[in-house]
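Here's the letter readout for the chains.
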Amino acid sequence: MRRTGFLQASGGAMIVAALPPLSKRAAASDVVDYTLAAEPLRYSPVPGLNFPGLAFNGTIPGPLLRIVHGQRLRAKFVNKSGQGSTIHWHGMILPNKMDGADGVTQPAVPAGGSFLYEFAPDPPGTRWYHDHVSNGLLRGLFGMIIVEDPRDERADAEFALVFHDVPKLSTVAPAMMGVGKAPMVDPLGSPELVQMAPDDKMGDEVAFTAHCINGAAYPNTKRLAVKVGQHVRLRILNANPTQTRYVRLAGHRLIVTHSDGNPLPQPVEVDALRVGVAERYDAWFEVSAPGAWLLQGLSSDSLAYEQAAVVHTEGMESAPPLASPQSLEGVDYFTYQKAGGTGSLLPAQQGARYDFTLDDGKYGSSRWTINGKTYPNTPKIDVHRNDLVSVRFLNKTDMDHPMHLHGHVFQVTEIDGVALARPLSKDTSLVRANGGTLSWSFRADSPPGRWLLHCHNAIHMMDGMMTEVVYRQ
Ligand code: C2O
Ligand code: CU
């Protein structure tokens, strides 16, 4: 089965959020061909905004890519963006030279150049792809890729939703210098706000001028049509480069089944998702009555209302939708502890252990460090094949850090000194501010090479909070 024709026929459009069921005739020999062309795009999701974006195939986000687990992906990257670029396949275990890490696994594809990414996407689940050179991700070079798991429970309806925001580019350089003036916009009652000292000058925040879901801002976001009695699956990505997103569907509880595309040990029912930068969640809900409800990203930004889409049953498309307050107070939101359960004693340490202290980033600082160093001078993790490795982060800064490892799925085993009863399989995990700790363990059984480990906050990453897992031998 070749899906190139399908993608062209549908215009490569993320505009169509509803996912048709995929054919189950996939065989391991199937190759799915996509072409991803990065090009400048004047992007105006809200009136008066004229953002100098970069887009894959003419849309921000880029096209939704879908493949059945077991198929091979062949993605031809054509770089017409005018600057060096690569594509990183976030959350995939793949040959190192396909990982798209600029200067580590390949040189940046120059403007006017092209590169063929070819691999069998693994593991299955909700993943994403993005530029891994300079500011490409900030300017719009990102999209979702779903590696469908044929063993998954069937949804009656399914929607892929990329939450993203348009940065004010002039605020990026001051944020990198630690002297930015953009305010925090986390919702009332969020741990982000609670963690901050009242007199704190952040300095590293980026300002955002529009808040979008799948390319549009409310009220122009695509409506999600559902039917009474349906069991609906949402696949949600937070593609914001710096901010955690809280996501809530008015009038409904959400049943979370996957984190970063990987199945949770058991489903967790919550009022809202907490989605760190680069994280993904799969969440389900039941449509038990006719109605119209807002699915919203919560924040205290005055433009927060823009990040919303209407979910409605038949005949309710123009009913005023039920909304949630832009606050987290009293809201039962997703945490790793809820998903993993706590209370067991810390297990005896196995394998090699690395202790990484995350620090710096004080007002006026352009350094975000691991053990006092910035990349490439940070301590590396050297592994031999099949080593069991654990990494324990201690966060001395006053912000959470979404720490990400390329090319592996790790298990979150410990948070703030308490072991998780059921470790969580993830590729990105928020490490709590102000002395929080979090541990991962992973088996070094990925293809050999150099795999980046970094904070996915774009400012912190560019300012040095990055290292590598290096396979020796
Ligand atoms: Cu989303 Cu270095 O990656
Ligand atoms: Cu960070």
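See the structure above.
Residues numbered from 1 in each chain as written. Chains lettered and ligands numbered in written order. Predicted model: local features only at pLDDT ≥ 70, side-chain atom pairs only at ≥ 80, totals over all residues. Heavy atoms only, no water.

Participant: What's the story with the overall build of the protein chain in this structure? I'm lost.
Facilitator: For the protein chain, the helix and strand inventory stands at 6 helices and 31 strands. Taking 23 Å as the expected radius of gyration for a compact globule of 473 residues, we find that the protein chain reaches 21 Å, a close match to that expectation. Taken along its principal axes, the extent of the C-alpha atoms in the protein chain is 60 × 55 × 45 Å. The buried share of the protein chain, taken over its 473 residues, is 60%. Sequence separation of 24 or more characterises 78% of the internal contacts of the protein chain that already satisfy a separation of 6 or more. As presented, the protein chain carries roughly 17400 Å² of accessible surface, and 55% of it is formed by carbon and sulfur atoms. (Helix = DSSP H or I, 4+ residues; strand = E, 2+ residues; numbered from the N terminus. Rg over C-alpha atoms; globule rule 2.2 N^0.38 Å. Buried < 20%, exposed > 50% of the residue type's maximum accessible area, 1.4 Å probe, protein only. Contact = heavy atoms within 4.5 Å. Areas by Shrake-Rupley, 256 points an atom, 1.4 Å probe, with all protein chains shown as cover.)

Participant: Which parts of the structure should I look at to understand the coordination of the copper ion (ligand 2)?
Facilitator: Ideal geometry at a metal centre gives angles of 109.5 degrees when four donors are arranged tetrahedrally and 90 or 180 degrees when six donors are arranged octahedrally. Every protein donor of the copper ion (ligand 2) is listed here as His401 (ND1), Cys455 (SG) and His460 (ND1), and their distances to the metal cover 2.0 to 2.1 Å. Between consecutive donor residues of the copper ion (ligand 2), the sequence gaps follow H-x53-C-x4-H. (Donors = N, O, S within 2.8 Å, 3.2 Å for Na, K, Ca; no water.)

Participant: Any chance you could explain the pairing of strand E3 (residues 65-68) here in plain terms?
Facilitator: Successive side chains on a regular strand alternate, one facing one side of the sheet and the next facing the other. Alternating positions in E3 separate into two faces, Leu65 and Ile67 on one and Arg66 and Val68 on the other, with burial throughout. For E3 and strand E8 (residues 142-148), the ladder comprises 4 bridges, and the chain directions are parallel. The residue of E8 that forms the bridge with Ile67 is Val147. (Pairing = 2+ DSSP bridges.)

Participant: Help me understand the sheet that holds strand E17 (residues 280-286) in this model?
Facilitator: Remark on secondary structure: sheet strands pair via backbone hydrogen bonds, oriented parallel or antiparallel. Sheet architecture is open: 6 strands sit in the order E10-E9-E12-E17-E14-E15, paired in mixed fashion. Two strands bound the open sheet, and with one partner strand each, they are strand E10 (208-213) and strand E15 (262-270). This sheet shows a mean twist of 20° between the axes of neighbouring strands, independent of strand direction. Pairing of strand E14 (residues 254-259) with E15, which is carried by 5 bridges, proceeds in the antiparallel orientation. Looking at E15, one finds that Ser259 is bridged to Asn262. (Axes fitted to C-alpha atoms, helices over the stretch in contact; angles between N-to-C directions.)

Participant: Looking at this structure, how should I read the sheet that holds strand E31 (residues 466-471)?
Facilitator: Reading across from one edge, E23-E31-E30-E25-E28 is the order of the 5 strands in this open sheet, with mixed pairing throughout. Each of the sheet's edge strands pairs with one partner strand only, and the pair in question is strand E23 (381-383) and strand E28 (428-431). Averaged over neighbouring strand pairs, the angle between their axes works out to 20° when direction is ignored. Bridge count for strand E30 (residues 450-455) against E31 is 5 bridges, and the pairing is antiparallel. Residue pairing for E31: Leu452 is matched across the bridge by Glu468.

Participant: Explain the pattern of salt bridges to me, please; I cannot follow it from the model alone.
Facilitator: Should the charged atoms of two oppositely charged side chains come close, the side chains can pair. Per the stated rule, a full pass over the model turns up 27 salt bridges. One salt bridge connects Asp360 with Arg367, and the closest N-O pair in it is separated by 3.4 Å. Each of the salt bridges in this network shares a partner with another, and the network as a whole consists of Arg127, Asp260, Glu279, Arg280, Lys426 and Asp427. (Salt bridge = Lys/Arg side-chain N within 4 Å of Asp/Glu carboxyl O.)

Participant: Just checking my understanding: could you explain the packing of aromatic side chains for this structure?
Facilitator: What characterises a pair of aromatic rings is the spacing of the ring centres plus the angle enclosed by the ring planes. In total, this model carries 12 aromatic pairs according to the counting rule given. For the pair Phe56 and Phe77, a centre-to-centre distance of 6.2 Å together with 70° between the ring planes defines the contact as edge-to-face. Taken together, the residues span a long stretch of sequence, with Phe56 in strand E2 (residues 51-56) and Phe77 in strand E4 (residues 72-79) at a distance of 21 residues. For the pair Phe56 and Phe77, one class covers both residues: buried. An aromatic cluster of at least three residues, connected via ring pairs, comprises Phe56, Phe77, Trp89, Phe115, Tyr117, Phe119 and Tyr129. Seen from the ring of Tyr333, Lys338 lies directly overhead, with NZ or CZ sitting 5.7 Å from the centre. (Phe/Tyr/Trp six-rings, centres within 6.5 Å; stacked < 30°, edge-to-face > 60°. Lys NZ or Arg CZ within 6 Å of the ring centre and 35° of its normal.)

Participant: What is the right way to look at the pairing of E4 in this model?
Facilitator: Here 8 bridges tie strand E1 (residues 31-43) to E4, and the two strands are oriented parallel to one another. Its bridge partner lying in E4, Asp33 is registered against Arg74. With 6 bridges joining them, E4 and strand E6 (residues 114-119) adopt antiparallel strand pairing. Note that in E6 the partner of Ala75 across the bridge is Tyr117.

Participant: It is not clear to me how a nonpolar patch on the surface should be interpreted in this structure. Could you clarify?
Facilitator: Judged by side-chain polarity, Met177, Val179 and Tyr363 come together as a nonpolar surface patch covering roughly 270 Å² of accessible area. Summarising the element assignment, Met177 is placed in helix H3 (residues 172-177). Among the residues examined, Met177 registers a relative accessible area of 48% and is labelled partly exposed. (Patch = residues over 30% accessible without salt bridge, like charges linked within 9 Å, V, L, I, M, F, W, Y side chains within 5 Å.)

Participant: Whenever I open this one, the side chain of Gln296 confuses me. Can you help?
Facilitator: Looking at the element boundaries, Gln296 is found in strand E18 (residues 292-298). Apart from residues no more than four positions distant in its own chain, Gln296 is found in contact with Phe163, Tyr246, Val247, Arg248, Gln307, Ala308, Ala323, Ser324 and Gln326.

Participant: I would appreciate a short explanation of the side chain of Arg248 in the present structure.
Facilitator: By the secondary structure assignment, Arg248 is in strand E13 (residues 245-249). This buried residue, Arg248, is left without a salt bridge; Asp271 holds the nearest opposite charge, at 4.5 Å. In this view, Arg248 contacts Asp271, Ala272, Leu294, Leu295, Gln296, Leu298, Ser324, Pro325 and Val331; residues no more than four positions away in its chain are not counted. (Lys, Arg positive; Asp, Glu negative; His and termini not counted.)

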